[in-house]
Amino acid sequence: MMDRRKFLTSAVLGCSAAASPLVTPLTLASAPWEGRLVVIILRGALDGLDAVRPLGDPGYLALREGLLETGAEDHGLDGFFALHPGLAPLVPLWQAGELSVAHATSTPYRDKRSHFDGQAILEAGAWARGGDIPVDGWLNRLLQIAPGVEARTAFSVGRERMHLLAGAGPHATWLPKTELALSAQAQQLLELVYHEDPLFRDAARQAGEIIADVDAAPMMEEEDEAAMGSMMDGMAGGPGLGRFTGEVARFVVEQLGLETRIAAFSLGGWDTHSGQNAALNRGLGQLATTILTLKAGLGPIWGKTAVLVMTEFGRTARVNGNRGTDHGTGGAMLMAGGALKGGQAFGGWPGLDESDLYAGRDLMPTRDIRAYAGHIMRAMFGVSSGDLERVIFPGLDLGEDPGLLL
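Residues numbered from 1 in each chain as written. Predicted model: local features only at pLDDT ≥ 70, side-chain atom pairs only at ≥ 80, totals over all residues. Heavy atoms only, no water.

J.: How do you make sense of the pairing of strand 8 (residues 305-311) when you look at a structure like this?
T.: Consecutive side chains along a regular strand alternate between the two faces of the sheet. In terms of residue burial, strand 8 counts as a mostly covered element, since seven of its seven residues are buried. Of the two faces of strand 8, the one carrying T305, V307, V309 and T311 and the one carrying A306, L308 and M310 are both buried. Judged from the seven bridges that link them, strand 2 (residues 36-42) and strand 8 form a sheet pairing that is parallel. Along strand 8, the bridge assignment pairs L37 with A306. The pairing of strand 8 with strand 9 (residues 331-336) spans three bridges and is antiparallel. (Buried < 20%, exposed > 50% of the residue type's maximum accessible area, 1.4 Å probe, protein only. Helix = DSSP H or I, 4+ residues; strand = E, 2+ residues; numbered from the N terminus. Pairing = 2+ DSSP bridges.)

Below is the structure:
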């Protein structure tokens, strides 16, 4: 018989959980390596064309008319790409060789553009044409072939572990302790519906303690953005690095300073169908602060660290009628850390002419995002190309080594 509490919690969460800005899962694992790997999943599909702007492409400004604010050129990287103003604090990392970008990346996933499928494939690291997705994640498969791996004790808020580290390899899950609440209207509706059923009624009250109000998803009119931003800052404990993310970053720093070698967590709220400017300013600012918090907290260990920032797919090349962008294909990946041979933009640029776009609407992928992660693990942990292509990322063509690490 299905556990009715689990059923209730699932029903309340609904499909919006895939892009929720309030659920921040974290997983960690210890291993006998010196290098540290941090993987950050941006749930909701980051607009890579906005985060890392190809201002050198003559077609870019026309596609993004009405979305770009002034001053983007002040955050230039290499004469072709420039960072979104929200990522401006990371420019010194680029200049110090501790930040790189890989543009026009994707998993093998195409066309349906579902958050859940896209995230599952990204974290599983494999996808069969028939639609089968492995039940374990690619970081867990790394742990399964590594000797001497031990799990770390962990804590959680929320319902599920990240797929990225799910599997037989020893690992643990930790989430920041917090209290999330349903809206008053949703809570009253649940209590009304289940008033005569004590089990469901009690479960609804418990669910209200751990589930964020799904009405707070970033799908709003432009005039509501400022109010929403203030509310989110208040829930997160103030502007800048939110309380939830701040706890995650501090916990990662503490554990990586001990025997932990791999950490993975997610940041939500990147599904910017409308009002993209405000949403990305907040989100990218928080991402930049998270990365800088890791750098400051890790001290000399930062020199052994690689941070991979990945998302399930990109967004459309053109702006929609709501001053946002829709689900796309090719996206951008950020890499940070003192272990990097940074200050470089990787990947062939496909162009933004009509004939260059995927399906006439999206940035064309030029390299599998898994290949970048694979080459990082090969250089950092000594994983063989065969294990990467057959075990960790089944079906991957690793391709030429781009030289990501020192």
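This is not the end of the story, as more comes after the structure.
J.: How should unusual backbone geometry be read in this particular structure?
T.: Most peptide bonds take the trans configuration, and most residues that are not glycine carry a negative phi. Positive phi values are uncommon outside glycine, yet A104 reaches one of about 55°. Structurally, the position occupied by A104 is in strand 5 (residues 99-106). According to the relative accessible area criterion, A104 is buried, its value standing at 0%. Despite not being glycine, D111 shows a phi value in the positive range, around 75°. Note on placement: D111 falls in the loop between strand 5 and helix 5 (115-124).

J.: Could you clarify how one ought to interpret the nonpolar core in this entry?
T.: With 43 residues, the main nonpolar core has L37, W138, L139, M310 and M377 as its most contacted residues. Contributing elements (two or more residues each) for this core: strand 2, helix 6 (138-145), strand 7 (260-267), strand 8, strand 9, helix 12 (369-381) and helix 13 (385-392). The leading source of residues in this core is helix 12, at eight residues. Leave out the neighbours within four places in its chain, and M310 touches V39, I40, I41, L42, L122, W138, M333, I369 and A373. (Core = buried A, V, L, I, M, F, W, Y, C linked by side-chain atoms within 4.5 Å. Contact = heavy atoms within 4.5 Å.)

J.: Would you explain the pairing of strand 9 in this entry?
T.: Of all six residues in strand 9, six are buried, a share of seventy percent or more. Of the two faces of strand 9, the one holding G331, M333 and M335 and the one holding A332, L334 and A336 are both buried throughout. Relative to strand 9, strand 5 is paired through six bridges, and the arrangement is antiparallel. Note on strand 9: the bridge partner recorded for V101 is L334.

J.: Help me understand the packing of aromatic side chains, please; the structure alone is not making it clear to me.
T.: The geometry of an aromatic ring pair is captured by two quantities: the separation of the ring centres and the angle between the planes. Under the criterion given, the structure shown has seven aromatic pairs. An angle of 25° between the planes, with centres 4.1 Å apart, marks the rings of W33 and F381 as stacked. Note that W33 is positioned in the loop between strand 1 (26-30) and strand 2 and F381 in helix 12, a separation of 348 residues in sequence. Taken together, the aromatic side chains of F80, F81 and W349 make up a single cluster linked through ring pairs. In this structure, R110 is placed above the aromatic ring of Y358, and the distance from its NZ or CZ to the ring centre is 6.0 Å. For the cation-ring pair, R367 lies above Y372, with the distance from its terminal atom to the ring centre recorded as 5.4 Å. (Phe/Tyr/Trp six-rings, centres within 6.5 Å; stacked < 30°, edge-to-face > 60°. Lys NZ or Arg CZ within 6 Å of the ring centre and 35° of its normal.)

J.: What should I look at first to understand helix 6 in this one?
T.: Note that an α-helix has 3.6 residues per turn; residues three or four places apart therefore point the same way. Within helix 6, six of the eight residues are buried, which leaves it mostly tucked inside the rest of the structure. Taken as a whole, helix 6 has its buried residues at W138, L139, N140, R141, L142 and L143.

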